[in-house]
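Residue-level structural notes
Spelled out from the first residue to the last, the chains are:
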Amino acid sequence: MSSAKRTKTNPDLQKERDGASFNPFSLTCLLHGGEENVERKRELERLALDDPELQHEHLSFLSRDERYTLGLKKTIRFLNKCWELDITGIQDVNTYRRAVFLGMLEPLSVHYGMFLPTLLSQATEAQQEKWLSQALNYAIIGTYAQTEMGHGTFLRGLETTATYDPKTEEFVLHSPTLSSAKWWPGGLGKSSNHALVLAQLYTQGQCYGMHPFIVQLRSTEDHTPLPGITIGDIGPKFGFDEVDNGFLMMDHVRIPRENMLMKHSQVLPDGTYIKPANSKLAYGTMMLVRSYIVSDAAQSLCRACTIAVRYSCVRRQSEIKPGEPEPQVLDYQTQQYKLFPLLSAAYAFYLASHYMMNTYFQLSGNISQGDLSQLPEIHALSAGLKAFTTQVMSSGIDTCRMACGGHGYSQASGLPLLFANATAGCTYEGENTVMFLQTARYLVKCYGASRTNEKLSGTVAYLSRVQTAAVAGKGTRNLLDLEELVGAYQHRAARLVGMAANQLQAQAKAGKSPEDAWNSCSVQLVKCAQAHCHFFVVRNFVDTVRTADVDDASRAVLNTLCQLYAIHGIIENSGDFLEDTYLTGQELQQANSHLASLLAKVRPDAVALVDAFDFTDEILQSVLGRYDGNVYENLYEWAKKSPLNKSQVHESYHKYLRPFLQQNRAKL
């Protein structure tokens, strides 16, 4: 989708579009939930992109202070327009948000991303009546203070304490060590005046683990820190320049008993602790955030692929045959091998994110009716997919950058900023290795249940019915058949889960404690979780190819992408399939032959496939990925806007360089 101002399209790029085998709009509708949703998406995007209050210099030309200020300005404009125009519903709000912020991170994103959802899921009705209206209407601004300087994903290791004083019916919040300082919460540094602080609850001499407490941090009159509060910004980061990630230390700060969120667990006035009916009820907010991260990972990979594929069609380089014109870079098979598997992964992750969001909202409804049966499964899947998608996305964006050659290193490409912001998904809301191990713990438990003939369902049903030894006598498999591909990934996942479970059992029999046994098997446990997630993504992709409401041409190109995604995964993880002879060396050779054919098959449709993501130039924020392909003219115009070019002779010349040159000339 082009920007508002139409220009003549680069002939190479136009030729690519004219030669596509399908109409990209068909897949655009699939990815965005139908034609009506696409039109609504475009309407909301134009509303933001045409707003004169949201125009600004390229982010690369702004200081961090300017970017934070701009982020706040945009946030307030975004919220006011949502209220003014009644933009509601998650899909509409997220669409409008992306078009407003254009790759920026919002200083107040934790307020609506975690502060509000936690109030909704963990506060009592009385607490919601007191706090929720204020938070929804931004009368207060909150953040979510969990991570500490010394501990992150390991919640039991967090040191902040909340000690109940029954004499005053107050909790005393305290940071006992430097390492207990809350560190990293978005919006904490300068923006928020309240926080949901996660602290170890102490009452009647006992510790009951982590619980959330509402703590006011700053005055609602002049925004100065309250007594006992030490607070500030943690400084520049790899990315996220618009966000004031902060630190917080509390010196015996007292809050009312009612400021502990008590929907699931309670502390009575006399200090008696009432434990929750189910300790996993607090997982809801985490699952929602991780589902959003899967969606964001898909979006980020889609953007990177769009930039790299379009530029690879505009850029001509070297020669394949001496004396002939320089070919498009995308004609080189090595370039196709870099980009097309990532393009197929972008589609696979986009479709997986649809599943996660739909499942989360269905699960929320079930929980509200008292049905918690799916909670452990979906919690494990959300943790694993968060890790699996962000891991591929992060390395994939950098692959796209390098595939763009030297120009990919320029901020004009959009790829450095995209990578700097998106790669944070590998560590925030749960470091990826820890997330895989959470998934593995659930898988091992399910595997053990299956060995006692317990029936499994949902995404782990395969563990109760799949052989973990190779299927003998099957003959040569047709690895272009989607059923065969699903079967291969299913077998791999079941086998690796079984191996991990058996290794744990063997370590225990050898006398190791459960903790030491787990650590000794942790590499294999991560592998089994990765295999489970990979199987899920392949199966979900295949299901979509079968059931998608698209025309035959679009289904055919989806089928090709699905084959490419699955076969590339087999080749990259060939040892897992060869180890127990599930696949033979001959079949792996066949897979490599198929891969080469699929790369060639995707080549004529590559530009149409990235066009289907439907990014405007303004949202893509890339000179290299422009819809019209006029890269070089706009790269030159972009460079001229550099602040260093505001004067022909920079002031540093007179201050440093001129005296240095004169000094050296005088010696001659």
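Note that this is a predicted model, so its numbers are computed, not measured. (Residues numbered from 1 in each chain as written. Predicted model: local features only at pLDDT ≥ 70, side-chain atom pairs only at ≥ 80, totals over all residues. Heavy atoms only, no water.)

In the Ramachandran plot, Glu169 falls in the positive-phi region, its phi being about 55° despite a non-glycine side chain. Structurally, Glu169 can be placed in the loop between strand E2 (161-165) and strand E3 (170-174). Unlike most non-glycine residues, His223 shows phi in positive territory, near 70°. Relative to the helices and strands, His223 is located in the loop between strand E6 (206-216) and strand E7 (229-233). (Helix = DSSP H or I, 4+ residues; strand = E, 2+ residues; numbered from the N terminus.)

Looking now at the pattern of salt bridges. Taken as a whole, this structure holds 33 salt bridges when the rule is applied. Note that Arg46 is salt-bridged to Asp50, the shortest N-O span being 3.1 Å. Of the residues examined, Asp50 reaches a relative accessible area of 49% and is grouped as partly exposed. The partner of Arg401 in a salt bridge is Asp398, and the shortest N-O contact between them spans 2.7 Å. In this pair, Arg401 and Asp398 both sit in helix H10 (residues 375-403), three residues apart, roughly one turn of the helix. (Salt bridge = Lys/Arg side-chain N within 4 Å of Asp/Glu carboxyl O. Buried < 20%, exposed > 50% of the residue type's maximum accessible area, 1.4 Å probe, protein only.)

The terminal C-alpha atoms of helix H18 (residues 585-602) lie 26 Å apart, and with 18 residues this matches the ideal 26 Å at 1.5 Å per residue to within 8%. Residues of H18 that are buried include every one of Glu587, Leu588, Ala591, His594, Leu595, Leu598, Leu599 and Val602, and no others. Each buried residue of H18 sits inside an arc of 140° when the element is viewed along its axis, so together they form one side. In this structure, H18 carries Gln586 and Gln589 as exposed residues pointing more than 90 degrees from its buried face. (Expected span 1.5 Å × (residues − 1). Arc of directions from axis to C-beta.)

Side chains of residues three or four places apart in an α-helix project in the same direction, reflecting 3.6 residues per turn. Taking 1.5 Å per residue as the helical rise, helix H3 (residues 35-49) with its 15 residues ought to reach 21 Å, and the 21 Å between its terminal C-alpha atoms agrees with that figure. For H3, the complete set of buried residues consists of Val38, Lys41, Leu44, Glu45, Ala48 and Leu49. Down the axis of H3, the sector holding all buried residues measures 130°, keeping them to one side. More than 90 degrees from the buried face of H3, the exposed residues found are Glu35 and Glu36. On its buried side, H3 packs onto helix H2 (24-32), helix H5 (90-101) and helix H20 (617-620). (Contact = heavy atoms within 4.5 Å.)

A few words now on the pairing of E3. Counting buried positions along E3 gives four out of five residues, so the element sits mostly inside the fold. Sheet topology places E2 next to E3; five bridges connect them, and they run antiparallel. Its bridge partner lying in E3, Thr161 is registered against His174. Hairpin connection from E2 to E3: four residues lie between these consecutive antiparallel strands, with Glu169 at a positive phi of about 55°. Inspection of the sheet shows E3 paired to strand E9 (residues 253-256) by four bridges, in the antiparallel sense. Within E9, the position partnered with Leu173 by the bridge is Val253. (Pairing = 2+ DSSP bridges.)

Contact geometry of H10 with helix H15 (residues 522-547) gives a least axis separation of 9 Å together with a crossing angle of 85°. Considering their axes alone, H10 and H15 lie roughly perpendicular with respect to each other. For the pair formed by H10 and H15, the contact residues are Leu381, Gly384, Leu385, Phe388 and Gln391 on the first element and Gln530, His532, Cys533, His534, Phe536 and Val537 on the second. Of the residues assigned to the contact of H10 with H15, the class counts are six nonpolar, five polar and no charged. (Axes fitted to C-alpha atoms, helices over the stretch in contact; angles between N-to-C directions. Parallel < 35°, antiparallel > 145°, perpendicular 65-115°, else oblique. Nonpolar A, V, L, I, M, F, W, Y, C, P; charged D, E, K, R; others polar.)

With that out of the way, let us pick up the nonpolar core. Ranked by internal contacts, the top residues of the largest apolar core, which has 170 residues, are Leu27, Tyr347 and Phe541. If you tally residues by element for this core, the top one is helix H8 (residues 283-314), at 17 residues. Leave out the neighbours within four places in its chain, and Phe541 touches Ser344, Tyr347, Ala348, Leu351, Leu558, Leu561, Cys562 and Tyr565. (Core = buried A, V, L, I, M, F, W, Y, C linked by side-chain atoms within 4.5 Å.)

So, about the UniProt feature "domain: Acyl-coenzyme A oxidase N-terminal" (unreviewed entry) in the protein. According to UniProt, the "domain: Acyl-coenzyme A oxidase N-terminal" (unreviewed entry) feature falls on residues 26-141. This span, residues 26-141, is 71% helix and 0% strand, and a straight line between its end C-alpha atoms measures 41 Å. (UniProt positions renumbered as here; feature names shortened; annotations may be inferred.)

Within the structure shown, the criterion is met by 18 aromatic pairs. The interplanar angle of 25° and the centroid separation of 5.8 Å between the aromatic rings of Trp183 and Phe247 together place this pair among those described as stacked. Residue Trp183 is found in strand E4 (residues 182-183), and its partner Phe247 is found in strand E8 (residues 246-250); the two are separated by 64 residues along the sequence. A relative accessible area of 22% places Phe247 in the partly exposed class. Plain terms: the ring middles of Phe238 and Phe419 are 6.0 Å apart, the flat faces sit at 80° to each other, and that makes the pair edge-to-face. Placement of the pair is Phe238 in the loop between E7 and E8 and Phe419 in helix H11 (residues 415-422), with a sequence separation of 181 residues. By relative accessible area, Phe238 is classed as exposed at 62%. (Phe/Tyr/Trp six-rings, centres within 6.5 Å; stacked < 30°, edge-to-face > 60°.)

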